[in-house]
Amino acid sequence: MEDERKDGAYGTPQKYDPTFKGPIYHRGCTDIICCVFLLLAIVGYVAVGIIAWTHGDPRKVIYPTDSRGEFCGQKGTKNANKPYLFYFNIGKCASPLVLLEFQCPTPQICVEKCPDRYLTYLNAHKSQDFQYYKQFCVPGFQNTKGVAEVLRDGDCPAVLIPSKPLAQRCFPAIHAHKGVLMVGNETTYEDGHGSRKNITELVEGAKKANGVLEARQLAMRIFEDYTVSWYWIVIGLVIAMLMSLLFIVLLRFLAGIMVWVMIIMVVLVLGYGIFHCYMEYVRLRGEAGSDISLVDLGFQTDLRVYLHLRQTWMAFMIILSILEAIIILLLIFLRKRILIAIALIKEASRAVGYVMCSLLYPLVTFLLLCLCIAYWASTAVFLSTSNEAVYKIFDDGTCQFAGKTCNPETFASSNESRLCPGAHCQFAFYGGESGYHRALLGLQIFNAFMFFWLANFVLALGQVTLAGAFASYYWALHKPDDLPAFPLFSAFGRALRYHTGSLAFGALILAIVQIIRVMLEYLDQRLKAAENKFAKFLMTCLKCCFWCLEKFIRFLNRNAYIMIAIYGTNFCTSARNAFFLLMRNIIRVAVLDKVTDFLFLLGKLLIVGSVGILAFFFFTHRIRIVQDTAPPLNYYWVPILTVIIGSYLIAHGFFSVYGMCVDTLFLCFLEDLERNDGSAERPYFMSPNLKRLLNKTNKKLAES
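Residues numbered from 1 in each chain as written. Predicted model: local features only at pLDDT ≥ 70, side-chain atom pairs only at ≥ 80, totals over all residues. Heavy atoms only, no water.

Caption draft 1: View of the overall build of the protein. Scanning the protein from terminus to terminus reveals 22 helices and 12 strands. Counting every position in the protein, which comprises 704 residues, the buried fraction comes to 44%. Of the contacts formed within the protein by residues at least 6 apart in sequence, a portion of 71% connects residues at least 24 apart. Accessible surface computed for the protein: about 37,200 Å², of which carbon and sulfur atoms make up 65%. (Helix = DSSP H or I, 4+ residues; strand = E, 2+ residues; numbered from the N terminus. Buried < 20%, exposed > 50% of the residue type's maximum accessible area, 1.4 Å probe, protein only. Contact = heavy atoms within 4.5 Å. Areas by Shrake-Rupley, 256 points an atom, 1.4 Å probe, with all protein chains shown as cover.)

Following this line, the structure appears as structure tokens:
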């Protein structure tokens, strides 16, 4: 059992300390500089939020703006009674310019309601329909120009088509009739030059409007389902919570059975796979073409072709046989370590039972994370809307001034207007040329970085708190009599009072890696259109490397926080000691990690599957006893999916506590083996089951 490395490259084993009785209570502050940096960063983050809230206007994201950058339907503006945005020619929204400027290159005005009839300007300008038509022309329009001049200057749209409001914007009410796109009952319209054109040319850029309208109806039906089923959804989530608690309790008694059943099932499944491959190999003997080699056949897009080759089944059989042999050999040589892992899992269940309030701590983490997300999201929105209105020249021809900034008040008399008669000066986007506007990108990056830092700090605080509570349990020689009062609250207080700097240090390292990954994703999106294969390959390698680095740092931080909770050392010392301790027991680490991963996966699948099946039978009225109780629904999958997702999150919250307990007890167990020898002066703190597996005894206890 003692074949793991005990010294050398991975440090020196812990020595016996007669004063050590678990988490050290008399400790000092650690990593004070990082604590100061975190406080300064939070002050700066608050300042950024105040600046963003002062300059920003979220209405720019929520509400539409016309060609002059004025809001539609907002109180206190001249468009207060005009809540909808109307496009003169929505067909131009299909222009690639929209992707660059985020605005359609067509005049847009705020209107009281969307058009409900089909009219052309040519027919309406000298008829009784002109008063109706005029409300869709630019404000202040007077019928003093010819038809061609009005359409050239963009004073009025060439045609009105029946439209429906969606997100306060007027979209054509498109439907199909015998394979032809229809708007109302018309398929053609007259332009300003008297020629008739197919209406589909006008609304080509809005063909997806029907799909969007259907999505809106779908959203309304889903909302209706939630209003009638929310009570039963809550009941389903409560059942998931009770099942999670029950599973953690049962692990104390059934962990061994579950692990060994899993191992036997894996061996049997692999054995059946070998048998099946052999039978397929024998069956194909003598069939035409079955003896062709994989090399001769080459790559085929239809992968089923390979299943007709004997060589394929031979390769499968060899691979499965190797896996079977490896698993059997591991079971033979690692059986005792598997038993240790099972014993630790059982002990973790006892620890959670004695510190039951730890199961509620994920709610604290959840609330703090919600606070971080809300502050980040609101700051991001205010930053993105703190720009000024920028107006540009739009022209669907070849105007040399297209895309340049302009002033809508003076554009009509400007030189650009004379040289480009068909051009329009309209609102393009929100931007600016001041120092503040140039720094917006940097402020957004800082906002994202601070979100990662604070979110990781919240998670670190939870890990240190739980580790301190469960370490108090392990190092209590007589459990639970020696367990301190309120171990969870004591651990939380120690973490905040002494180790805010260490938590900030670990969270900072992880946040730096995460913000680099975000930047790499941004660059990858920008390079997708490029054809440089080397750049794409390099970007893929960088993304993979930083993903692996983040996983490793998460693992290292987690174990460092356990050491911080126990010994009160700074982050670097704790990380070093935890890493060396794990490396001296690397085989035990690997076995415990895989066994616990399986049990947690099994628990989550069991809880989510059970609650999901129960929800399915209930909401589909297949349980006769409660057929009249289940509410009528538009889509029964809405509450079922909600229950399944909510059950998974609840189970994940419970098992995150349980996983932290297992990791903490495991490190304490390794420390216990190195510090103590079972003598009267140096008794083991591990459970009797673990001592029995390791053939260890406490002499003093044995004599008594």
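Caption draft 2: Structural detail: the packing of aromatic side chains. Applying the stated criterion across every chain yields a total of 28 aromatic pairs. Aromatic pair Trp313 and Phe316: ring centres 5.8 Å apart, planes at 85 degrees, arrangement edge-to-face. Residue Trp313 and its partner Phe316 are located together in helix 10 (residues 310–354), separated by three residues, close to a single helical turn. Residue Phe316 is classed as partly exposed on the basis of its relative accessible area, which comes to 36%. Ring geometry for Phe505 and Phe571: centres 5.2 Å apart, planes at 55 degrees, overall tilted. (Phe/Tyr/Trp six-rings, centres within 6.5 Å; stacked < 30°, edge-to-face > 60°.)

Caption draft 3: Broad picture of the state of the cysteines. Taken as a whole and assessed by the stated rule, the structure comprises three disulfides. Shown here is the disulfide that connects Cys72 with Cys110, its sulfur atoms set 2.0 Å apart. Here the disulfide of Cys72 and Cys110 is left-handed, its torsion about the S-S bond being about -75 degrees. Of this pair, Cys72 sits in the loop between helix 2 (59–62) and strand 1 (84–87) while Cys110 is found in strand 2 (residues 108–111), placing the two residues 38 residues apart along the sequence. Like Cys110, Cys72 is buried. (Disulfide = S-S within 2.5 Å.)

Caption draft 4: Looking closely at the nonpolar core. Trp453, Tyr658 and Phe669 are the most contacted members of the largest nonpolar core, which has 107 residues in total. With 20 residues, helix 14 (residues 440–474) is the single largest residue contributor to this core. Residue contacts for Tyr658: discarding those within four places in its chain leaves Ile248, Leu251, Ile345, Ala348, Ser349, Val352 and Phe600. Within the second largest apolar cluster, 19 residues are counted, among which are Val111, Phe136, Phe141 and Cys170. (Core = buried A, V, L, I, M, F, W, Y, C linked by side-chain atoms within 4.5 Å.)

Caption draft 5: Spotlight on empty space enclosed by the protein. Taken as a whole, this structure holds three cavities of 30 Å³ or more when the rule is applied. One number sums up the size of the largest cavity: a volume of about 100 Å³. Together, 11 residues line the largest cavity, and Phe86, Tyr87, Ile90, Ile161 and Ser163 are the ones closest to its centre. Among the elements of the structure, strand 1, strand 4 (159–160) and strand 6 (169–172) are those that each provide at least two residues to the lining of the largest cavity. Looking at the lining of the largest cavity residue by residue, the classes come out as 10 nonpolar, one polar and no charged. Looking at the second largest cavity, its volume works out to about 40 Å³. In terms of lining residues, the second largest cavity is bounded by Arg27, Val464, Gly468, Ala491, Arg494, Ala495, His499, Ile564 and Ala565. If you list the elements that add at least two residues to the lining of the second largest cavity, you get helix 14, helix 15 (487–498) and helix 17 (533–567). Sort the elements by how many residues they give to the lining of the second largest cavity and helix 15 lands first, with three residues. When its residues are assigned to classes, the lining of the second largest cavity shows five nonpolar, two polar and two charged. (1 Å grid on protein atoms, 1.4 Å probe; cavity = no way out; pocket = protein on both sides within 12 Å on 5 of 7 lines; lining within 4 Å. Points joined across faces, edges and corners; volume = space filled by probe spheres on them. Nonpolar A, V, L, I, M, F, W, Y, C, P; charged D, E, K, R; others polar.)

Caption draft 6: Layout of helix 17. Between the first and last C-alpha of helix 17 there are 50 Å, a value that for 35 residues agrees with the 51 Å anticipated at 1.5 Å per step. Two residues or fewer after helix 17 comes Gly568, characterised by a positive phi angle close to 75 degrees. (Expected span 1.5 Å × (residues − 1).)

Caption draft 7: Layout of helix 14. Its 35 residues give helix 14 an end-to-end C-alpha distance of 51 Å, which sits within 8% of 51 Å, the value for a rise of 1.5 Å per residue. Counting buried positions along helix 14 yields 29 of 35 residues, so the element is predominantly enclosed.

Caption draft 8: Local environment of the packing of helix 14 against helix 15. Closest axis-to-axis distance for the helix 14/helix 15 pair is 8 Å, and the angle between their directions is 130 degrees. Of the possible angle classes, the one that applies to helix 14 and helix 15 is oblique. In terms of crossing hand, the pair formed by helix 14 and helix 15 is right-handed. On helix 15, the residues touching Leu461, Val464, Thr465, Leu466, Gly468, Ala469 and Ser472 of helix 14 are Pro487, Leu488, Ala491, Phe492, Arg494, Ala495 and Leu496. (Axes fitted to C-alpha atoms, helices over the stretch in contact; angles between N-to-C directions. Parallel < 35°, antiparallel > 145°, perpendicular 65-115°, else oblique. Left-handed = near helix turned anticlockwise from the far one by under 90°.)

Caption draft 9: Structural view of the side chain of Arg27. You can see Arg27 is positioned in the segment before helix 1 (32–55). The buried charged residue Arg27 lacks any salt bridge, with Asp31 as its nearest oppositely charged partner at 11 Å. Of the polar contacts made by the side chain of Arg27, one reaches the backbone oxygen of Ile564; its length is 3.0 Å. Not counting residues within four places of it along the chain, the set of residues in contact with Arg27 comprises Arg494, Tyr498, His499, Ile564, Ala565, Ile566, Tyr567 and Gly568. (Lys, Arg positive; Asp, Glu negative; His and termini not counted. Salt bridge = Lys/Arg side-chain N within 4 Å of Asp/Glu carboxyl O. Polar contact = N/O pair within 3.5 Å; in protein donor to acceptor, adjacent residues only side chain to side chain.)

Caption draft 10: Fine view of a nonpolar patch on the surface. Side chains of Leu246, Val249, Leu250, Phe253, Leu254, Ile257, Val261, Ile264, Met265, Leu268 and Val269 sit close together on the surface and give an oily, nonpolar patch of about 1,000 Å² of accessible area. With respect to the element layout, Leu250 can be found in helix 8 (residues 209–283). (Patch = residues over 30% accessible without salt bridge, like charges linked within 9 Å, V, L, I, M, F, W, Y side chains within 5 Å.)

Caption draft 11: Quick peek at the environment of Ala315. Along the chain, the position of Ala315 falls in helix 10. On a C-alpha basis, the gap between Ala315 and Cys277 in space is 8.9 Å, while along the polypeptide they are 38 residues apart.

Caption draft 12: Layout of the pairing of strand 6. Because side chains alternate across strand 6, one face comprises the buried residues Cys170 and Pro172, and the other comprises Arg169 and Phe171, none of which is buried. With four bridges connecting them, strand 5 (residues 163–166) and strand 6 associate as antiparallel partners. Bridged to Pro165 within strand 6 is Cys170. Counting the residues in the hairpin turn of strand 5 and strand 6 gives two residues, including Ala167, whose phi is positive at 55 degrees. (Pairing = 2+ DSSP bridges.)

Caption draft 13: Structural detail: the pattern of salt bridges. Following the criterion strictly, the structure yields 13 salt bridges and no others. The partner of Arg517 in a salt bridge is Glu550, with the nearest N and O atoms 2.5 Å apart. Of this pair, Arg517 sits in helix 16 (residues 500–527) while Glu550 sits in helix 17; the two residues are 33 residues apart in sequence, bridging distant segments of the chain. Judged by relative accessible area, Glu550 falls into the buried class, the value being 8%. The residue Glu674 makes a salt bridge to Arg584 at a minimum N-O spacing of 3.0 Å. Here Glu674, found in helix 20 (residues 637–675), pairs with Arg584, found in the loop between helix 18 (571–583) and helix 19 (586–619); they are 90 residues apart in sequence, far enough to count as distant. Assigned by exposure class, Glu674 and Arg584 land together as buried.

In short, the description is geometric, and any link to function would need to be established separately.
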